[in-house]
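Observations on chain architecture
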Amino acid sequence: MKANIYIDGGNLYFGMLKGHPESKWLDISKFCELLTDGEHEINDIKYFTSIIKTHPHDPAAVEHQNVYLQAISARGGVKTIFGYYNKNKTWLPAIDPECVNCKVTGEKKLVHAMKFEEKRTDVNIVTEMLRDAYTTDVQSFVLISGDSDFATPLDLIRQDLRRQVMVLNPKDRRSDLIHHATIYKDIPRDILAKCQLPDSIPYRKNQVITKPAAWAKSTTPEC
């Protein structure tokens, strides 16, 4: 069965990769092949992400993401579609007892925080899925995400357009999308170790992309 795979990069990151630097050098093509168990003829893999903003607690994050995006581009087989991040300073309610009771929060118990918001990614995913559903002969639509906001477009593809919808959930808890899919699976955590890119990847003429040293297998936590 011919399939397109749509990967919600942020959902995958926060569901499986955050705090696990040894797994971040992910071979997306192999990851998709193992998850579909050879039951599908993979037609397109579309990876949806956004270029992150500099984070005060992880200044190397932007560089690491850039290296990774170059790596998956060099390997081929994956189309990357970008949204964007907004980065704004705002006041948010304090919940940690140490913050609630400190003088910084004032009478309203607010803390000044940096807020990062990803924009356009969900819209891009839905747009691509519906465009492909209406204009191609793909029979199976595979979504790697646990975000319940995708329920309505999945229902349209499954019920109205009579296509198979497979949801592969990267979160550590069951997603509501189980009720909107033809096939639903929670992604096993141990699959990541089987889907890592080579440490060095040829890139353009006489260039090599190297896995960030901070992503070497380690017990040291990283955001």
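Everything here concerns the structure above.
Before going into details, it helps to say that this report is about the structure given with it. Fair warning: this is a prediction, and the values are worked out from it, not measured in the lab.

Analysis parameters
- Residues numbered from 1 in each chain as written.
- Predicted model: local features only at pLDDT ≥ 70, side-chain atom pairs only at ≥ 80, totals over all residues.
- Heavy atoms only, no water.
- Helix = DSSP H or I, 4+ residues; strand = E, 2+ residues; numbered from the N terminus.
- Buried < 20%, exposed > 50% of the residue type's maximum accessible area, 1.4 Å probe, protein only.
- Contact = heavy atoms within 4.5 Å.
- Areas by Shrake-Rupley, 256 points an atom, 1.4 Å probe, with all protein chains shown as cover.
- Disulfide = S-S within 2.5 Å.
- Salt bridge = Lys/Arg side-chain N within 4 Å of Asp/Glu carboxyl O.
- Core = buried A, V, L, I, M, F, W, Y, C linked by side-chain atoms within 4.5 Å.

Quick look at the overall build of the protein chain now. Scanning the protein chain from N- to C-terminus turns up 6 helices and 9 strands. Within the span of the protein chain, comprising 223 residues, buried residues form 42% of the whole. A fraction of 71% describes how many contacts in the protein chain between residues 6 or more apart in sequence connect residues 24 or more apart. Summing over all exposed atoms, the protein chain offers an accessible surface of approximately 12,600 Å²; the carbon and sulfur share of this is 50%.

Right, let's get into helix H6 (residues 151–160). By the burial criterion, the buried members of H6 are Ala151, Pro153, Leu154, Asp155 and Ile157. For H6, the elements touching its buried residues are helix H5 (121–135), strand E5 (140–144) and strand E6 (164–169). In the segment just after H6, Arg162 is the residue with positive phi, at about 60°.

Attention shifts here to the environment of Phe14. With respect to the helices, strands and loops of the structure, Phe14 is situated in helix H1 (residues 9–17). For the pair Phe14 and Lys171, spaced 157 residues apart in the sequence, the C-alpha separation amounts to 7.8 Å.

Once that is clear, we can look at the side chain of His64. If you trace the backbone, His64 turns up in helix H3 (residues 61–75). Aside from chain neighbours lying at most four places away, what touches His64 is Pro212, Ala214 and Trp215.

Attention now goes to the state of the cysteines. Within this structure, the stated rule accounts for 0 disulfides. The cysteine Cys32 is free of any disulfide, with Cys195 supplying the nearest cysteine sulfur at 8.9 Å. In this structure Cys195 comes out as buried when scored by relative accessible area, which is 0%.

Let us now look at the pattern of salt bridges. This structure, assessed with the given rule, holds 8 salt bridges. Residues Arg174 and Asp186 are paired through a salt bridge, measuring 3.4 Å at the closest nitrogen-oxygen approach. Placement of Arg174 in the loop between E6 and strand E7 (183–186) and of Asp186 in strand E7 is noted, with a sequence separation of 12 residues between them. One connected set of salt bridges, linked through shared partners, spans Lys46, Glu128, Arg131 and Asp132.

With that settled, consider the nonpolar core. Generally speaking, soluble globular proteins have nonpolar side chains that are buried together. In terms of nonpolar packing, the biggest core is built from 33 residues, with Ile7, Trp25, Ile28, Phe31, Tyr68 and Ile144 touching the most fellow members. Elements supplying a minimum of two residues to this core: strand E1 (2–8), H1, helix H2 (28–36), strand E2 (41–51), H3, E5, E6 and strand E8 (200–203). The element best represented in this core is H3, accounting for 5 residues. Formed by 18 residues, the second largest nonpolar core is a distinct cluster that contains Ile125, Met129, Val138 and Leu154.

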